[in-house]
Number of protein chains: 2
Amino acid sequence: MYEPTLLQRRYRVMGNEAPLFYDQPLTFVKGEGVWLTAEDGRRYLDVYNNVPCVGHCHPGIVAAMQRQAAQLNIHTRYLNEQVVAYAERMTALHDDPLDCLMFTCTGSEANELALRLARFVTGNTGVIVSDYNYHGNTRSLAELATAMATSEAFSAQARAVPIPCLYRAPAGTLAQQLEDQYIAHLQAAIDSLKAQGTPVAALLIDTLFANESLPRVPAGFVARAAELVRAAGGVLIADEVQSGFARTGEHLWGYQAQGVVPDIVTLGKPMGNGFPLAGVVTSREWVERFGHASMYFNTFGGSPVAAAVGMAVLDAIEDEQLQANALNVGRYLQERLLALAERHELIGDVRGKGLFYAVELVQDRQRQVAASAEARQVVNRLRDQGILISKIGPHDNILKIRPPLVFAQAHADLFVDTLDRVLTTL
Amino acid sequence: MYEPTLLQRRYRVMGNEAPLFYDQPLTFVKGEGVWLTAEDGRRYLDVYNNVPCVGHCHPGIVAAMQRQAAQLNIHTRYLNEQVVAYAERMTALHDDPLDCLMFTCTGSEANELALRLARFVTGNTGVIVSDYNYHGNTRSLAELATAMATSEAFSAQARAVPIPCLYRAPAGTLAQQLEDQYIAHLQAAIDSLKAQGTPVAALLIDTLFANESLPRVPAGFVARAAELVRAAGGVLIADEVQSGFARTGEHLWGYQAQGVVPDIVTLGKPMGNGFPLAGVVTSREWVERFGHASMYFNTFGGSPVAAAVGMAVLDAIEDEQLQANALNVGRYLQERLLALAERHELIGDVRGKGLFYAVELVQDRQRQVAASAEARQVVNRLRDQGILISKIGPHDNILKIRPPLVFAQAHADLFVDTLDRVLTTL
């Protein structure tokens, strides 16, 4: 009797285009800290997933979810202490004038709402994004995306400006020159939007530029970009879905490293450690003006369960000092990756900070030709060796290293030692 | 020392425009079955909330969530048995060719995705909605909404067609005439979209027309509308966010009562009993064609926790025979409401089915002038008497009665008796 495999069953009811990792996808049955256990009992070290930021199945998060789900789970049209307390705690973690939180369930919803807000408060419609961006799966965001295929054309009211990277710049290029080039591109985008009658409403960026492969950006260029956009009547939206919640070690939020206070911040992925919790932080004035013009309600957004989970995540980050861990283990990991680069010609660049690194593989260091096939091999062989990472970049040649924040030095050693072996036997 | 109230604290960090029920909002601390307990210990009978469809804090749902959250919570780029099993079970509940499920987290995301799908597979861009519709909080959906204020203008690529209601039709109007009128309006909308070069991609409707105040529609008109839209190259999207999951008692899905199989079905609210779980059901062919053209990934959508919760909700609906309960208690509730209408002139109409009723309040039955102030009074006085309902309609004069599906005959009695008293002393 023919028994379809799980993959075949999945194809049947979810289609064969729903994204899957690996040439031979993995089936997991258990998660714990930085470990995922497959159906055959084998444990895999998770060096990729940022959503379970305080670790897979963190007992404190699970308990908070369970306790609140058994007690009360309702929407925000009734008052609730936990929900308000979470909004107070979250807004206190941001600088003025970011003092108000609008709850959503996903980062896509948060970016979608941020764009609605920006368009409303500025009265403008143009949007500037970085080239090779992805901010979510709604139509408005798909129309802005350049990092992947979408069924929608790129929006006529948008411009995509490439983010400078010192690694890819011609030898001898100064950071200042690169910054000036970006600013010139940005100014051209602003002018072009204005010329066609759709002035800029927002510059929407991930301040770490994660989908853009964590480029080595000139320090301070984001602040200069924000000034330019504001002068043209637009606002800065910082998408903290990947860069936020202590990921960088240095700061709680990615925008802080850029020395800029955004007008609107969007939160997602790690916010609920896997529970669908996301949101928009901006000024109360804007939230109320927008809310007056537009009834915004999110049925599941800001439920007491979402708030309890969000609170437990912040507790874990603080109690377990995960920002300091990201900084310290991150530094150690970076050192080890840099040492690896000295012995493997294939590694063209190691960049990033905290617990987020891009290791760019190139066919030779001079010509910097993307080693895409090799990157694919490395990712699949690491999988065979029990390590989970992924790859990014227009040429899929950049290893994406972004473990849960409970990643320890021993995990970094296991990962780098295995990567070393894989690169040696490639 | 001044201590701000919870409401004042909420205004500060969530703004004063975030929707709240009642002139004096309620603060809840506990939910159980059809009951919500306020901070002062008082219990309120919930005759409004459809999200906790199997009852507030249902132990089976809470246990399933807790068990899975403690075990594994990961995205769909890895394989997982529970997730596939849920997709199999959900698609089996729909007729051919609705055999594939795309997971999202919210009904807004589901409708957003459904529109992206419809535009892609038809190659068209026009959308027809009903007048007084609301399908979600993204920009694309806000541009279609006519049931509430939005900061966006109504889309130039959309048309809103009023839904016929026998109650509001001139005396002597036949159902057939009303249907013909709607079909003529729909044809005009189709023609007008085509004439401006944006032919219809989709007719997007809630087949119960919940936001449109559950109008008394001519039987079978939706099937005729679907034919017309398909002939023009468009598809039918049935938004089952309010009408689905046994709400009507007669059927599991609202579209079944209309005798039509939609091309795309969107699911939300009750699907996870409060856990953010939603989705789109359509044909595998379309899912794969769309997925090939557009990378669709939803980070939290279709996690094992979402699947476990969704499975527990379906279990509860089946094991506790909640569809039969909606039918039986619904019939009883309807009879009692109709009896009430005989004694209270204020009640102009009672309509609906299963556990979803609209009780329209009018200043006099002849002229059918909306009794908006009275509806507001009724809702607030019911609150004072420990009963939760809400109101709908362009004039906010229609009582919205939509309890969890575990609503029993005794609850119906308590509700109707209290409503009787409130109407008597108005």
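Because the structure is predicted, anything quoted here is derived from the model rather than measured.

*Asks:* Before we move on, could you go through the overall build of chain A and cite the residues and values that matter?
*Replies:* Along the backbone of chain A there are 13 helices and 15 strands. The globule rule puts the C-alpha radius of gyration for 426 residues at 22 Å, and the 22 Å found for chain A is close to it. When the backbone C-alpha atoms are referred to their principal axes, chain A occupies close to 60 × 60 × 50 Å. Burial status across chain A gives 59% buried among its 426 residues. Taking as baseline every contact in chain A between residues at least 6 positions apart, the subset at least 24 positions apart corresponds to 73%.

*Asks:* Residues and numbers for the sheet that holds strand β13 (residues 387-388) of chain B, please.
*Replies:* Residues and elements named next belong to chain B. Read across the open sheet, the 4 strands follow the order β1-β2-β3-β13; overall the sheet is mixed. Because the sheet does not close on itself, it has two edges, and the strands there are β1 (28-32) and β13. Summarising the sheet, strand β3 (residues 43-46) and β13 pair through 2 bridges and their orientation is parallel. Residue pairing across strands places D46 opposite L388, the latter belonging to β13.

*Asks:* Give a description of the pairing of strand β10 (residues 278-282) of chain A that names residues and reports values.
*Replies:* Residue and element names in this part refer to chain A. Among the 5 residues in β10, 5 count as buried, and that is most of the element. The two faces of β10 match: A278, V280 and T282 on one face and G279 and V281 on the other face are all buried. Examined bridge by bridge, strand β4 (residues 100-104) and β10 share 5 bridges and lie antiparallel to one another. Paired with C100 across the bridge in β10 is T282. Here 3 bridges tie strand β9 (residues 264-267) to β10, and the two strands are oriented antiparallel to one another. Each residue of the ladder has a partner; that of L267, found in β10, is G279.

*Asks:* Describe the domain arrangement of chain A, listing the residues and the values that go with them.
*Replies:* Residues and elements named next belong to chain A. For chain A, the assigned domains are domain 1 (6-54 + 321-424) and domain 2 (60-319). On the domain 2 side, the residues contacting the 25 residues of domain 1 number 24 residues. Mapped by element, the contributors of at least two residues to the side of domain 1 that touches domain 2 are α11 (322-343), β11 (347-353) and β12 (356-361). Among the elements that make up the side of domain 1 that touches domain 2, the one with the highest residue count is α11 (5 residues). Each residue belonging to the side of domain 1 that touches domain 2 can be placed in one class, and the counts come to 14 nonpolar, 7 polar and 4 charged.

*Asks:* Could you give an account of the relation of the copies chain A and chain B, naming the residues involved and the relevant values?
*Replies:* Two copies of the chain are present, and they differ by a rotation about an axis and a shift along that axis. Superposing chain A onto chain B takes a rotation of 180° plus a shift of 0.0 Å along the axis, which leaves an RMSD of 0.0 Å. Both chain copies can therefore be described as sitting about a two-fold axis. It is Q66(A) whose C-alpha, among those of chain A, lies nearest the rotation axis, at 2.7 Å. When the interface residues of chain A are mapped onto chain B, 100% of them are again interface residues, pointing to one common binding face.

*Asks:* Break down the sheet that holds strand β1 (residues 28-32) of chain A for me, citing the residues and quoting the values.
*Replies:* Residues and elements named next belong to chain A. Read across the sheet, 4 strands follow the order β1-β2-β3-β13 without closing on themselves; strand pairing throughout is mixed. Lying at the two open borders of the sheet, with one neighbouring strand each, are β1 and β13 (387-388). The sheet contact formed by β1 and strand β2 (residues 35-38) spans 4 bridges and is antiparallel. Looking across to β2, one finds that K30 is bridged to T37.

*Asks:* Give me the lowdown on the packing of α11(A) against helix α13 (residues 409-424) of chain A, citing residues and values where you can.
*Replies:* All names here are of chain A. Taken N-terminus to C-terminus, the directions of α11 and α13 make an angle of 15°; their axes are 9 Å apart at the nearest point. In this view, α11 runs roughly parallel relative to α13, as classed from their interaxial angle. Classified by chirality, the crossing of α13 by α11 is right-handed. Touching V329, Y332, L333, R336, L337 and L340 of α11 are Q409, A412, V416, L419 and D420, all from α13. Among the residues forming the contact of α11 with α13, the class breakdown is 8 nonpolar, 1 polar and 2 charged.

*Asks:* Run through helix α4 (residues 107-122) of chain A, naming residues and quoting values.
*Replies:* Residue pairs three or four apart in sequence face the same way in an α-helix, which turns once every 3.6 residues. Residue and element names in this part refer to chain A. Helix length check: α4 (16 residues) gives 22 Å between terminal C-alpha atoms against 22 Å at 1.5 Å per residue, within 8%. Burial within α4 is extensive, with 15 of its 16 residues counted as buried. G123 occupies a position one or two residues after α4 and carries a positive phi of about 75°.

*Asks:* Give a detailed account of the interface of chain A and chain B, specifying residues and quantitative values.
*Replies:* Contacts between the two partners involve 81 residues from chain A, matched on the other side by 81 residues from chain B. Going through the elements one at a time, α1 (6-14), β1, α2 (59-71), α3 (81-92), β4, α4, α5 (139-142) and α9 (284-293) of chain A are the ones with two or more residues in the side of chain A that touches chain B. The residue makeup of the side of chain A that touches chain B, split by class, is 40 nonpolar, 26 polar and 15 charged.

*Asks:* How would you explain the environment of A153(A) if you had to name every residue and give the values?
*Replies:* As for its placement among the helices and strands, A153(A) is situated in the loop between α5 and β6 (158-161). Expressed as a C-alpha distance, the spacing of A153(A) and N73(A), which sit 80 residues apart in the sequence, is 40 Å.

*Asks:* Help me get a handle on the nonpolar core, residues and values and all.
*Replies:* Grouped burial of nonpolar side chains is what soluble globular proteins tend to show. If you look at the biggest cluster of nonpolar residues, it comprises 298 residues, and the most contacted ones within it are M65(A), V309(A), M65(B) and V309(B). In this view, M65(B) contacts M65(A), A69(A), F275(B), V305(B), A308(B) and V309(B); residues no more than four positions away in its chain are not counted.

Parameters at a glance
Residues numbered from 1 in each chain as written. Chains lettered and ligands numbered in written order. Predicted model: local features only at pLDDT ≥ 70, side-chain atom pairs only at ≥ 80, totals over all residues. Helix = DSSP H or I, 4+ residues; strand = E, 2+ residues; numbered from the N terminus. Rg over C-alpha atoms; globule rule 2.2 N^0.38 Å. Buried ≥ 20, exposed ≤ 12 C-beta atoms within 10 Å, placed from the backbone. Contact = placed C-beta atoms within 7 Å. Pairing = 2+ DSSP bridges. Domains from an automatic or database assignment. Nonpolar A, V, L, I, M, F, W, Y, C, P; charged D, E, K, R; others polar. Least-squares fit on C-alpha atoms with pLDDT ≥ 70 in both. Axes fitted to C-alpha atoms, helices over the stretch in contact; angles between N-to-C directions. Parallel < 35°, antiparallel > 145°, perpendicular 65-115°, else oblique. Left-handed = near helix turned anticlockwise from the far one by under 90°. Expected span 1.5 Å × (residues − 1). Core = buried A, V, L, I, M, F, W, Y, C linked by C-beta atoms within 7 Å.

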